[in-house]
Amino acid sequence: MKRVYTNESRFLVNNIKDLIDAQGIPVFVKNEYAQGAMGEISPFDCWPEVWVVNDADYERAKDIIDRAHQNQYADDWICNHCREQNAASFDICWNCQQESK
Ligand SMILES: [Zn+2]
């Protein structure tokens, strides 16, 4: 088993898991419900993680994640006014409302 992805967002982690799952690769999520019950563990240790069952699937799973990220961030833009990063779906800056696209 190998860990292929981790993020503090359970939503993103499940998204990635579904993408890999859709390719027929056996995959599961670890630490999904660990958040909020941290105790003495550092927050990073509690991030949900995506694992592939078979080490042989690791490279393929990584490819899927890379491609998902490229699609997700391909059209992000940086505001010329305040330098904040904006998602492609925003026409005006979420931070300063300037139309800087
Ligand atoms: Zn701005």
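Just so we're clear, the structure is a prediction, and the values are computed from it rather than from any experiment.

Go over the packing of aromatic side chains, please, and point to the residues and values.
Applying the stated criterion across every chain yields a total of 1 aromatic pair. Aromatic side chains Phe28 and Trp51 sit 6.4 Å apart centroid to centroid with 20° between the ring planes, which places their arrangement in the stacked category. On the criterion of sequence distance, the pair formed by Phe28 in strand 2 (residues 27–30) and Trp51 in strand 3 (residues 49–52) is long-range, its members being 23 residues apart. What makes Phe28 partly exposed here is its relative accessible area of 25%. With relative accessibility at 17%, the residue Trp51 sits in the buried group. For the cation-ring pair, Lys2 lies above Tyr58, with the distance from its terminal atom to the ring centre recorded as 4.6 Å. The ring of Trp51 is capped by Lys30, whose NZ or CZ atom sits 4.0 Å from the centre of that ring.

Give me the lowdown on the coordination of the zinc ion, citing residues and values where you can.
Bound to the zinc ion on the protein side are Cys79 (SG), Cys82 (SG), Cys93 (SG) and Cys96 (SG), at distances that span 2.2 to 2.3 Å. Around the zinc ion sit 4 donor atoms; with metal-centred angles ranging over 105 to 114°, the donor geometry is tetrahedral. Of note, the zinc ion draws all its donor residues from one chain, in the sequence arrangement C-x2-C-x10-C-x2-C. Taken together, the residues span a long stretch of sequence, with Cys82 in the loop between strand 4 (77–78) and strand 5 (85–86) and Cys96 in the segment after strand 5 at a distance of 14 residues.

Provide a residue-level description of the side chain of Asn7, including the pertinent values.
Along the polypeptide, Asn7 turns up in the loop between strand 1 (2–6) and helix 1 (10–22). Owing to a relative accessible area of 19%, Asn7 belongs among the buried residues under this scheme. Within the structure, Asn7 has its side chain in polar contact with the side chain of Tyr5 (distance 3.4 Å). Looking at Asn7, its side chain comes within polar contact range of the main-chain nitrogen of Ser9, at 2.8 Å. Apart from the residues lying within four places of it in its own chain, the contact partners of Asn7 are Leu12, Val13, Trp47 and Pro48.

What counts as what
- Residues numbered from 1 in each chain as written.
- Predicted model: local features only at pLDDT ≥ 70, side-chain atom pairs only at ≥ 80, totals over all residues.
- Heavy atoms only, no water.
- Phe/Tyr/Trp six-rings, centres within 6.5 Å; stacked < 30°, edge-to-face > 60°.
- Helix = DSSP H or I, 4+ residues; strand = E, 2+ residues; numbered from the N terminus.
- Buried < 20%, exposed > 50% of the residue type's maximum accessible area, 1.4 Å probe, protein only.
- Lys NZ or Arg CZ within 6 Å of the ring centre and 35° of its normal.
- Donors = N, O, S within 2.8 Å, 3.2 Å for Na, K, Ca; no water.
- Tetrahedral: all angles 85-135°; square planar, octahedral: opposite > 155°, others 65-115°.
- Polar contact = N/O pair within 3.5 Å; in protein donor to acceptor, adjacent residues only side chain to side chain.
- Contact = heavy atoms within 4.5 Å.

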